[in-house]
Amino acid sequence: MVDISIRSIQTTNMILSSLSLVILVIGTIAEKWIELKLEAKKITINHSPWMLCCITTWPEDDLEVVRIMMILTLSLSFLLNLVLGMEFTYLIPQSKYIHFITAFLSFLTGILLLSALLLYHHKLRQGQSVYYSSYKITWIPYTAYVIVTFFVTCGILSILNSLQFVKHFTCLNIINKSDRECNEVPQSGDSIKVISTADPSIKPRSIVRLHSVSVKGDVLDKSPPVQVRRVTWAL
């Protein structure tokens, strides 16, 4: 298994989320999402889900839900990019909960944008042959589908980042625990070592016992009693 560094995953997430936010902002400014062709007047009208109105004959209330979903998508994309930026610059602590939050925001934003695009196309098909004769899709909706893949990729990378963080944190805990156990475990008791507290330069003390021996006869009168020493070494 290829060990991907946490920093490289964060960099990829930042690039994808920033591109998604920039394209969404461009999509709010651009009006040419769809080209509506009116058969009666033989003219073409540009339309986008951000427009409040374009045709008086097409009730815009049907697109209000799509517009709200697009606004929520833009807000969540901005929030996701902010969290990823703070995580990348270490303004918030690195933890598995932050990675799970970014993964949740990524998946939620991608699902919400995909739902808004599918609902928008469904409304276009409903309005065809009723309010306009045909419509043509430009490059912007296709780019929005690419953004959905960006958000899903950010979510997958955030989960992978969380797994990498948990793996590294677990390895550090195991190493620290092993070091503590090595320091606390005493030496093996298979061999017995006798440790002498006495200084080897000091000679052992001797026990001296004095015995008085009396000599019989005239020897006692002529000489003083002789003391015989018996030395016993105490080891």
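Bringing the overall build of the protein chain into the picture now. Looking only at helices and strands, the protein chain has 5 helices and 5 strands in total. Going from N to C terminus, the protein chain has its helices and strands arranged as α-β-β-α-α-β-α-β-α-β. With 235 residues in all, the protein chain has 31% of them scored as buried. Sequence separation of at least 24 residues holds for 67% of the intrachain contacts in the protein chain that already meet a minimum separation of 6. When the accessible surface of the protein chain is summed, it comes to about 16,100 Å², and 65% of that surface belongs to carbon and sulfur atoms.

Across all of its chains, the model carries 1 aromatic pair by this definition. When the ring of Trp-33 is compared with that of Tyr-120, the centres are 6.5 Å apart and the planes differ by 85°; the resulting orientation is edge-to-face. Of the two residues, Trp-33 is situated in the loop between helix H1 (6-29) and strand S1 (34-38) and Tyr-120 in helix H3 (residues 96-127); the sequence distance between them amounts to 87 residues. We classify Trp-33 as buried; its relative accessible area is 3%. One residue, Arg-7, lies across the ring of Phe-88, its end atom 4.1 Å from the ring centre.

Once that is clear, we can look at the packing of H1 against helix H2 (residues 64-88). One can describe the packing of H1 onto H2 by two numbers: an axis separation of 9 Å at closest approach and a directional angle of 150°. Classed by the angle they form, the pair H1 and H2 counts as roughly antiparallel. H1 and H2 meet at a crossing whose hand is left-handed. Judged by residue contacts, Arg-7, Gln-10, Thr-11, Asn-13, Met-14, Ser-17, Ser-18, Ser-20, Leu-21, Leu-24, Val-25 and Thr-28 of H1 engage Thr-73, Leu-74, Ser-77, Phe-78, Asn-81, Leu-84, Gly-85, Glu-87 and Phe-88 from H2.

For the rest of this paragraph, the subject is the side chain of Thr-73. With respect to the helices and strands, Thr-73 occurs in helix H2. A residue is classified by how much of its surface remains accessible, and Thr-73, at 1% relative accessible area, is buried. When near neighbours in sequence (up to four residues on either side) are disregarded, Thr-73 contacts Leu-24, Thr-109, Leu-112 and Leu-113.

For the protein chain, the mean per-residue pLDDT works out to 74, and 63% of the residues sit at or above 70. This stretch, residues 187-192, has a pLDDT under 50; its non-local contacts, to residues over four places away or in other chains, come to 0 contacts. Segment residues 210-222: pLDDT under 50, and 12 contacts once partners within four positions in sequence are set aside and those in other chains are kept.

Cut-offs and rules
- Residues numbered from 1 in each chain as written.
- Predicted model: local features only at pLDDT ≥ 70, side-chain atom pairs only at ≥ 80, totals over all residues.
- Heavy atoms only, no water.
- Helix = DSSP H or I, 4+ residues; strand = E, 2+ residues; numbered from the N terminus.
- Buried < 20%, exposed > 50% of the residue type's maximum accessible area, 1.4 Å probe, protein only.
- Contact = heavy atoms within 4.5 Å.
- Areas by Shrake-Rupley, 256 points an atom, 1.4 Å probe, with all protein chains shown as cover.
- Phe/Tyr/Trp six-rings, centres within 6.5 Å; stacked < 30°, edge-to-face > 60°.
- Lys NZ or Arg CZ within 6 Å of the ring centre and 35° of its normal.
- Axes fitted to C-alpha atoms, helices over the stretch in contact; angles between N-to-C directions.
- Parallel < 35°, antiparallel > 145°, perpendicular 65-115°, else oblique.
- Left-handed = near helix turned anticlockwise from the far one by under 90°.
- pLDDT = per-residue confidence, 0-100.

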